[in-house]
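# Working through the structure, step by step
Now for the letters of each chain:
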Amino acid sequence: IEFAAVISLAVQDWADFGIICGMLLVNACLGFHEEYKAKKSLDELSEQLESEIATRREGESLNLNVKELVPGDVVLLVGGTIVP
């Protein structure tokens, strides 16, 4: 599309040049909006994965951050729990 804008500018077809530039601007805005939504969704998913989970360590029930789990911890699961 950029090439078409350059050609329209070269032959001084101002109407086509304006339409093509408008299309490029709309495309850029939509692309930015979609990237922003994707980043926001990824951040929300990452936040869910960093949540706390009920565990049993050395016979004691604890709510630990997922990053603090070590081999030997027993994860207590209930319906809807995301498995780390």
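Scroll up to find the structure.
This text gives an overview of the structure that appears in the document.

Definitions and limits used
- Residues numbered from 1 in each chain as written.
- Predicted model: local features only at pLDDT ≥ 70, side-chain atom pairs only at ≥ 80, totals over all residues.
- Heavy atoms only, no water.
- Helix = DSSP H or I, 4+ residues; strand = E, 2+ residues; numbered from the N terminus.
- Pairing = 2+ DSSP bridges.
- Phe/Tyr/Trp six-rings, centres within 6.5 Å; stacked < 30°, edge-to-face > 60°.
- Buried < 20%, exposed > 50% of the residue type's maximum accessible area, 1.4 Å probe, protein only.
- Polar contact = N/O pair within 3.5 Å; in protein donor to acceptor, adjacent residues only side chain to side chain.
- Contact = heavy atoms within 4.5 Å.
- Disulfide = S-S within 2.5 Å.

### Focus on unusual backbone geometry
Positioned with a positive phi, Q12 is a non-glycine residue whose angle comes to about 55 degrees. Not every positive phi belongs to a glycine, and E58 is a case in point at roughly 55 degrees. Within the secondary structure, E58 is located in the loop between β1 (52-57) and β2 (60-65).

### So, the sheet that holds strand β3 (residues 74-75)
Pairing is antiparallel across the open sheet formed by three strands, whose spatial order is β2-β1-β3. Here the strands that pair on one side only, and so sit at the sheet edges, are β2 and β3. Inspection of the sheet shows β1 paired to β2 by six bridges, in the antiparallel sense. When the bridges of β2 are listed, A54 appears paired with N63.

### Some thoughts on the packing of aromatic side chains
In the structure shown here, the tally under the stated rule is one aromatic pair. A ring pair is formed by W14 and F17, whose centres lie 6.4 Å apart and whose planes are at 85 degrees; its orientation type is edge-to-face. With a gap of three residues between them, W14 and F17 both fall in helix α2 (residues 14-49), about one helical turn apart.

### Let's talk about the side chain of D73
Here D73 shows up in the loop between β2 and β3. Given the relative accessible area of 15%, D73 is considered buried. A distance of 2.7 Å separates the side chain of D73 from the side chain of R57, its partner in a polar contact. Reaching out from D73, the side chain makes a polar contact with the backbone nitrogen of V70 at a distance of 3.0 Å. In this structure, D73 is in contact with R56, R57, L64 and E68, ignoring residues within four places of it in sequence.

### Structural notes on the state of the cysteines
Throughout the structure, instances matching the rule amount to zero disulfides. C29 provides the cysteine sulfur closest to C21, a residue in no disulfide bond, and the two sulfurs are 13 Å apart. On the basis of relative accessible area, C21 is assigned to the partly exposed category, the value being 30%. Taking the relative accessible area as the measure of exposure, C29 reaches 47% and is therefore partly exposed.

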